[in-house]
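Observations on the model geometry
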Amino acid sequence: MPPSRSHDGAPREIEALIEAMARLPGLGPRSARRAVLHLIAKRRTLMAPMAETMARVADTAQACMTCGNISTSDLCPVCTDEGRATGQICVVEDVADLWAMERGQAFDGRYHVLGGTLSALDDIGPEDLHIPRLVDRIAAERVTEVILALNATVDGQTTAHYIAEALEGTGVAVTSLAQGVPIGGELDYLDDGTISAALKARKAL
Ligand SMILES: [Zn+2]
């Protein structure tokens, strides 16, 4: 019997690889095929080391126990960096936003990753977003300012107001990134200078 054929004329394992690649954000079937062909052409110098790194990260990646950043151990590099200022926590929706803030190099404190926004529609409540854990961190880390770097979407702003209310009475200042973050704009898509300007011009909520 001849091996089962796919419409590409590629063997089944390679077809499976193309299908897996095509599920990545920003890649469709066409760019997945091109990427796989490129990987195979560079299988010793690129594909094998990449597969090794991927296996290692798949094994070790986890959420930082304190802030929710992606880490390969219990605590992430930001939380273990003793040189960083304590007293300020920047609240972001997801890890991509944390990384965007870090690329901007304007913030020297620590982070809290919500992992989403409050949404009645999707049934996402405060517990799902680790807001109680944020409240615990205020006292434990002697935080004086919480900077909300949430996207200017309706859900992002609803979440911002919820957090501001949850922190009332804790004595902590709650500020928000200045306008400059476009409506519906996601932090990850902003250039580093814009993030830095929005942080400098932050205002009390
Ligand atoms: Zn962390």
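This text follows the structure it describes.
Before going into details, it helps to say that this report is about the structure given with it. On a predicted model such as this, the values are computed, not experimentally measured, just so you know. By convention here, each chain's residues receive numbers from 1 onward along its written sequence. With the structure being a predicted model, the display of local features is reserved for residues of pLDDT at least 70 and the display and counting of side-chain atom pairs for 80 or more, all residues being used for whole-chain, interface and lining totals. As a convention, hydrogens and water are excluded, and side-chain values are obtained from all of the structure's heavy atoms.

Moving on to the packing of aromatic side chains. By convention here, two paired aromatic rings are described through the distance between centres and the angle between planes. Pairing of aromatic side chains requires ring centres within 6.5 Å, counting the rings of Phe and Tyr and the six-membered ring of Trp. Pairs whose planes differ by under 30 degrees are stacked, by over 60 edge-to-face, and all others tilted. The final tally for this structure, using the stated rule, is 1 aromatic pair. Look at Phe-107 and Tyr-111: their rings are 5.2 Å apart centre to centre, the planes differ by 65°, and that puts the pair in the edge-to-face class. Across this residue pair, the class does not change: Phe-107 and Tyr-111 are buried. Relative accessible area decides the class of each residue, using a 1.4 Å probe on protein chains only: under 20% of the type maximum gives buried, over 50% gives exposed, and in between gives partly exposed.

Looking now at the packing of helix H5 (residues 95-104) against helix H8 (residues 192-200). The N-to-C vectors of H5 and H8 enclose an angle of 90°; their axes lie 8 Å apart at closest approach. The pairing of H5 with H8 is recorded here as roughly perpendicular in orientation. Only Asp-192, Ile-195, Ser-196 and Leu-199 of H8 make contact with H5, whose side of the interface consists of Ala-100, Met-101, Arg-103 and Gly-104. Here the term charged refers only to Asp, Glu, Lys and Arg, the term nonpolar to Ala, Val, Leu, Ile, Met, Phe, Trp, Tyr, Cys and Pro, and the term polar to all other amino acids, Gly among them. Class assignment of the residues belonging to the contact of H5 with H8 gives a composition of 4 nonpolar, 2 polar and 2 charged. Every axis in this analysis is a line fitted to C-alpha atoms, fitted for helices over the stretch in contact. Angles between the N-to-C directions lie between 0 and 180 degrees. Runs of E in the DSSP output that reach at least two residues are strands. Runs of H or I that reach at least four are helices, and both are numbered from the N terminus. Roughly parallel means an angle under 35 degrees; roughly antiparallel means over 145; roughly perpendicular covers 65 to 115; every other angle is labelled oblique. Here, residues are in contact when the closest pair of their heavy atoms is within 4.5 Å.

With that settled, the discussion passes to the pattern of salt bridges. Any carboxyl oxygen of Asp or Glu within 4 Å of a side-chain nitrogen of Lys or Arg constitutes a salt bridge here. All told, the structure shown has 3 salt bridges when counted by the stated rule. In this structure, Glu-141 engages Arg-137 in a salt bridge whose closest nitrogen and oxygen atoms are separated by 2.7 Å. For Glu-141, a relative accessible area of 25% gives the class partly exposed. Notably, a salt bridge pairs Glu-145 with Arg-202, separated by 2.6 Å at the nearest N-O pair. Here Glu-145, found in strand S5 (residues 145-149), pairs with Arg-202, found in the loop between H8 and strand S7 (203-204); they are 57 residues apart in sequence, far enough to count as distant. The class for Glu-145 is buried, based on a relative accessible area of 12%.

Another point: the coordination of the zinc ion. Note that water is not among the atoms considered, so a metal site may appear incomplete; the donors listed are N, O and S atoms within 2.8 Å of the metal, with 3.2 Å applied to Na, K and Ca. The coordination sphere of the zinc ion contains the protein donors Cys-64 (SG), Cys-67 (SG), Cys-76 (SG) and Cys-79 (SG), at a distance range of 2.3 to 2.4 Å. Any site counts as irregular unless it has four donors with all angles between 85 and 135 degrees, making it tetrahedral, or four or six donors with opposite ones more than 155 degrees apart and the rest between 65 and 115, making it square planar or octahedral. Geometry at the zinc ion is tetrahedral, judged from its 4 donor atoms and the angles of 103 to 116° they form at the metal. For the zinc ion, the single-chain donor residues occur in sequence as C-x2-C-x8-C-x2-C.

Another point: the sheet that holds S5. Strands are labelled as partners when DSSP assigns at least two bridges between them. On the basis of which strands lie adjacent, the open sheet formed by 5 strands has the order S4-S3-S5-S6-S7 and mixed pairing. A strand with exactly one partner marks an edge of an open sheet, and here the two such strands are strand S4 (110-113) and S7. Examined bridge by bridge, S5 and strand S6 (residues 173-176) share 4 bridges and lie parallel to one another. Across the sheet, the residue bridging to Ile-147 is Thr-175, located in S6.

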